[in-house]
Amino acid sequence: MSFAPSFSALDIHGVIFDLDGLLLDSERVALATVAAAAAEMGIAWPPEVGLAMVGLNSKDGQHVIRRHLGEDFPVDQLYEHFGRIYEARIASAAIPLMQGVTELFDVLDTLALGRVVATSTRRSRAEPKLAAAGLIERVHGMVCGDEVSRGKPAPDIFLKAAERLGVPVANCLVLEDSNAGVRGALAAGARVVMVPDLLIPADDVRAAGVPLARSLHDLAAFLTGRAA
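Because the structure is a prediction, the values reported are computed rather than measured.

J.: Help me understand the nonpolar core, please; the structure alone is not making it clear to me.
T.: Where a protein is soluble and globular, its nonpolar side chains tend to be buried together. If you look at the biggest cluster of nonpolar residues, it comprises 52 residues, and the most contacted ones within it are Phe-17, Leu-23, Leu-175 and Leu-219. With six residues, helix H4 (residues 75–91) is the single largest residue contributor to this core. Contact partners of Leu-23, with chain neighbours within four places excluded, come to Phe-17, Asp-18, Leu-97, Met-98, Val-101, Phe-105, Val-117, Leu-135 and Leu-216. By size, the runner-up hydrophobic cluster in this structure holds 24 residues, among which are Ala-118, Phe-158, Val-174 and Ala-185.

Following this line, the structure appears as structure tokens:
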């Protein structure tokens, strides 16, 4: 898979990052944690339900669970138990960086390009994740899932992130691993690249011609004008 976006690096005046599955290798940790929490509670947890929640905020994730598993599924209890286990793992710095994060941030520093995180995760959980990973001092702001009225795939979080950057959304590069995030970035009018992790690009994402990168190394090379 070659990385060849239709836009120029000169079009990019700021970068908007997703968090889970893009900067942090946290989606696998979260999916394993929710499966472990369900097992401890003695309830069935189909893996495909977890995958269907990737990229969504907590509220929309609850809708997915109920749609798949029924209105009587103990969603609140599962979320509470999951949260206790997951936050302990965050605190222990058990979530590694994705490939290319440090290289890309170094390039952004050299180019003096601003960067904001736009994550479906609520702030009380997202900030500790960034801090534990040593990234919180390297971003210039965050917009979190509990700070917008509509989550991804609505464009709200990306519009707010562009406003926080002080950059027109059309000159923002959004980096996303989820189809929901890509759809939201497209709806906002941003330049968007998908860096797939657990999910493959959906048919509509491919039809939209969204560039696909193998890792953030490709973005570092692109922004410095080097061939990947």
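Moving on, there is more to tell.
J.: Help me out: how do you make sense of the sheet that holds strand E2 (residues 114–119) in this one?
T.: Note: strands within a sheet are paired through backbone hydrogen bonds, in either parallel or antiparallel orientation. The five strands are arranged E3-E2-E1-E4-E5 in an open sheet whose pairing can be described as parallel. Each end of this open sheet is capped by a strand with a single partner; those strands are strand E3 (142–144) and strand E5 (191–194). Pairs of neighbouring strands in the sheet enclose a mean axial angle of 20°, with direction left out of account. By the bridge criterion, four bridges tie strand E4 (residues 172–176) to E5 in an arrangement that is parallel. Bridge pairing links Leu-175 to Val-193 in E5. Strands in contact with helix H6 (residues 123–132) are E2 and E3; relative to E3, the strand with the most contacts, it is inclined by about 140°. Of the strands in this sheet, strand E1 (14–17), E2, E3 and E4 are in contact with helix H7 (residues 156–165), which crosses E2 at around 155°.

Thresholds applied
Residues numbered from 1 in each chain as written. Predicted model: local features only at pLDDT ≥ 70, side-chain atom pairs only at ≥ 80, totals over all residues. Heavy atoms only, no water. Core = buried A, V, L, I, M, F, W, Y, C linked by side-chain atoms within 4.5 Å. Buried < 20%, exposed > 50% of the residue type's maximum accessible area, 1.4 Å probe, protein only. Helix = DSSP H or I, 4+ residues; strand = E, 2+ residues; numbered from the N terminus. Contact = heavy atoms within 4.5 Å. Pairing = 2+ DSSP bridges. Axes fitted to C-alpha atoms, helices over the stretch in contact; angles between N-to-C directions.

Nothing here speaks to function; it is geometry throughout.
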